[in-house]
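# Residue-level structure breakdown
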Amino acid sequence: MKIAVIGCTHAGTAAVKTIAAEHPQAEITVYERNDNISFLSCGIALHVGGVVKDPDSLFYSRPQQLAELGVTTRMLHEVVQVDTAAKTLAVRSLETGEEFMDSYDKLVVTTGSWPVVPRMDGIGLDNIQLCKNYFHAKEIISRSKEARRVAVIGAGYIGIELAEAFRELGKEVVLLDNMDRVMAKYLDAEFTSLAEEELAGHGIRTALGEMVTGFEGEDGRVRRVMTAGGSYEADLVVLCIGFRPGTDLLKGQIDMLDNGAILVDDYMRTSNPDVLAAGDSCAVRHNPTGKQAYIPLATNAVRMGTLVGKNLLEPIVRYRGTQGTSGIKLFDLNIASTGMTEEAAKAAGIAAAAVTVREASRPEFMPDYEDVLLKLVYESDSGRILGAQVMSKADLTQAANTLSVCIQNRMTAEDLAYADFFFQPHYNHPWNLLNKAGHAAERQRAEAAAEAAPADDAQPKEGVRKTA
Ligand SMILES: Cc1cc2nc3c(=O)[nH]c(=O)nc-3n(C[C@H](O)[C@H](O)[C@H](O)COP(=O)(O)OP(=O)(O)OC[C@H]3O[C@@H](n4cnc5c(N)ncnc54)[C@H](O)[C@@H]3O)c2cc1C
């Protein structure tokens, strides 16, 4: 059985390793256009900021390791055409230019994503960088040596991490976004305003609600970022405005979302029975809404890649969907989120409500503790948990993982209120923060029910409404 795999970063590596383990007789060939596999992009900002000294540690697999599993890895080889009817691939060597054909019984598409590059004046100027792969990491580091003023465009997780890294290197940093809040996709305003204060407190200028319209340069090199409202001097610009699935090879041959994200079923099968796909090249099932969405994350990529291997020949292990759970460390703040923000839930037309709990990270009788802010977003009617956000100088980010599991299993605020969590004064309170959020939501639901009920039945009681 011939298996061809296109692309070998997180989804590809996970797929290849699982296929080799589960189907030792398979003849596996991997085509990768880069000169490396399994690069951890999440380490770019850490490397730029000097936290990770050795870039070699940002790879967790090598072609030699795959060879030990019997896998042939053709590095610097780009797949330039796929014919799913004939089950063939056209491949070009990026070293020699030679082109050849290959065939497959099963094709694995793990071609990932590529940064969005807006069409605008000056986009081709030198020192405007993308941030995705190892090559980009090296370019950013070498160009930042000469740069005094850095503009990071896009205030999502990646932009925020880079802004912090550049600031740690002593650069003048401006972080621009057309949204009026940082990390607006993952956090509601009460969290993003604290994150913005943290950025400002560390000398990072933010230019929010400003649409970048182009760039101006001198001697071919960028000097200024132009926005609808003004301009910002910059010797180096890094674009972090999002990703697009890299699926042109399969366009018109398998089903996709409008943005090109491949649609897969719960077993990673595309609309063609001999083509499986995983990772950033695909849409994922977003559990809070039950809809297909484009949420490119390494966590999805490794899960989906592994499932490609498990389900290569027949459906065996089911994909559980995603909540898009993410975490970030911003200077002293530990931040994590899962599922939908209140703003996103309401924008999606869901009747949602939210509660926010503020408390000390552990009992005040302990010698020290930190403030914690946790928000729980739930469906008003059923109490089903839709999302959560947590922020503290104490690392309570694992709470987002717990709540991710709650969302995946369609738990309600009442379930959360009475879930069994440990207590130990070093870590928390007898009523765990998550229990408290569940109770607060239940109280709020009871009050809403009482308000909606006839006057003689208007006593707010916890749990007065039945949950779904
Ligand atoms: C700066 C940064 C920080 C991030 N931080 C996090 C984080 O902290 N947590 C998290 O969960 N996610 C993070 N992500 C997202 C994560 O890196 C991606 O979700 C992940 O890389 C997706 O893996 P993938 O294998 O699906 O695709 P990709 O990483 O895009 O890899 C696709 C591979 O396919 C190859 N390829 C494509 N087309 C062809 C072709 N025609 N022929 C041959 N080869 C081809 C490419 O060269 C590439 O190696 C971060 C991303 C970036 C850029």
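Residues numbered from 1 in each chain as written. Predicted model: local features only at pLDDT ≥ 70, side-chain atom pairs only at ≥ 80, totals over all residues. Heavy atoms only, no water.

## A word on the overall build of the protein chain
What the protein chain contains, in helices and strands, is 11 helices and 25 strands. Compactness check: the protein chain gives a C-alpha radius of gyration of 24 Å against a globular reference of 23 Å for 468 residues, within 12% of the reference. Reported as C-alpha extents along the three principal axes, the dimensions of the protein chain are approximately 80 × 60 × 40 Å. A buried classification covers 51% of the 468 residues belonging to the protein chain. Across the protein chain, contacts joining residues at least 24 apart in sequence account for 61% of those joining residues at least 6 apart. (Helix = DSSP H or I, 4+ residues; strand = E, 2+ residues; numbered from the N terminus. Rg over C-alpha atoms; globule rule 2.2 N^0.38 Å. Buried < 20%, exposed > 50% of the residue type's maximum accessible area, 1.4 Å probe, protein only. Contact = heavy atoms within 4.5 Å.)

## Some details on the nonpolar core
Residues Ile28, Leu89 and Leu107 are the most contacted members of the largest nonpolar core, which totals 45 residues. Mapped onto this core, the elements with two or more residues apiece are β1 (2–6), α1 (10–22), β2 (27–32), β4 (77–83), β5 (88–93), β7 (106–109), β18 (275–277) and α7 (298–310). Here this core takes five residues from α1, the largest share from any one element. Every residue in contact with Leu107, bar those within four places of it in the chain, is listed here: Ala4, Ile6, Val82, Leu89, Asp274, Val275 and Leu276. Core analysis: the second largest hydrophobic core is formed by 40 residues, Tyr134, Phe166, Ile335 and Leu373 among them. (Core = buried A, V, L, I, M, F, W, Y, C linked by side-chain atoms within 4.5 Å.)

## Observations concerning the sheet that holds β7
The strands making up a sheet associate through backbone hydrogen bonding, with each pair oriented either parallel or antiparallel. Read from one edge of the open sheet, five strands run β3-β2-β1-β7-β18, paired in parallel fashion. The sheet terminates laterally at β3 (72–75) and β18, the two strands that pair on one side only. Each neighbouring strand pair of the sheet contributes to a mean axis angle of 20°, computed without reference to strand direction. Bridge count between β2 and β3: four bridges; the pairing is parallel. Of the residues in β3, the one forming a bridge with Glu32 is Met75. In this fold α1 packs onto β1, β2 and β7, with an angle of close to 170° to the strand it touches most, β2. (Pairing = 2+ DSSP bridges. Axes fitted to C-alpha atoms, helices over the stretch in contact; angles between N-to-C directions.)

## Thoughts on the side chain of Asn127
Relative to the helices and strands, Asn127 is located in the loop between β8 (113–115) and β9 (128–130). You can call Asn127 buried: its relative accessible area is 4%. One polar contact links the side chain of Asn127 to the main-chain carbonyl oxygen of Asp235, over a distance of 2.9 Å. With sequence-adjacent residues up to four places away left out, Asn127 is seen in contact with Arg143, Arg221, Val222, Asp235, Leu236 and Val237. (Polar contact = N/O pair within 3.5 Å; in protein donor to acceptor, adjacent residues only side chain to side chain.)

## Describing the side chain of Thr73
Looking at where Thr73 falls in the secondary structure, it is placed in strand β3. A residue is classified by how much of its surface remains accessible, and Thr73, at 17% relative accessible area, is buried. Setting aside residues up to four positions removed in sequence, Thr73 forms contacts with Val30, Ile37, Pro63 and Leu66.

## Structural notes on unusual backbone geometry
Even without a glycine there, the phi angle at Lys87 is positive, about 60°. Here Lys87 is to be found in the loop between β4 and β5. Backbone geometry places Arg410, a non-glycine residue, at a positive phi of 55°. Look at Arg410 and you get exposed, because its relative accessible area is 52%.

## Comments concerning the pairing of β2
For β2, the tally of buried residues reaches five of six residues, placing the bulk of the element in the interior. In this sheet, β2 lies alongside β1 in parallel orientation, the contact comprising five bridges. Residue pairing across strands places Ile3 opposite Ile28, the latter belonging to β2. On the question of chirality, the crossover connecting β1 to the parallel β2 by way of α1 is right-handed. (Right-handed = clockwise from strand over helix to strand, strands pointing away.)

## Let's talk about helix α11 (residues 433–452)
The first and last C-alpha atoms of α11 sit 29 Å apart over 20 residues, in line with the 28 Å expected at 1.5 Å per residue. You can read the cap of α11 off the contacts: a side-chain oxygen lies 2.8 Å from the backbone nitrogen of Leu434, and it is on Asn432. (Expected span 1.5 Å × (residues − 1).)

## With respect to the site of the ligand
Within the structure, the ligand sits among 31 residues, and Thr9, Ala11, Glu32, Lys132 and Asp280 are positioned closest to it. At 3.4 Å, a backbone N or O of Thr110 approaches an oxygen atom of the ligand. One of the backbone N or O atoms of Ser113 is found 3.0 Å from an oxygen atom in the ligand. For the ligand, the accessible surface in isolation is 1000 Å², of which the surrounding protein chains cover 89%. Put simply, the parts of the chain that give the shell around the ligand at least two residues each are α1, β2, β4 and α7. Its residues assigned to classes, the shell around the ligand shows 14 nonpolar, 12 polar and five charged. (Near = heavy atom within 4 Å. Areas by Shrake-Rupley, 256 points an atom, 1.4 Å probe, with all protein chains shown as cover. Nonpolar A, V, L, I, M, F, W, Y, C, P; charged D, E, K, R; others polar.)

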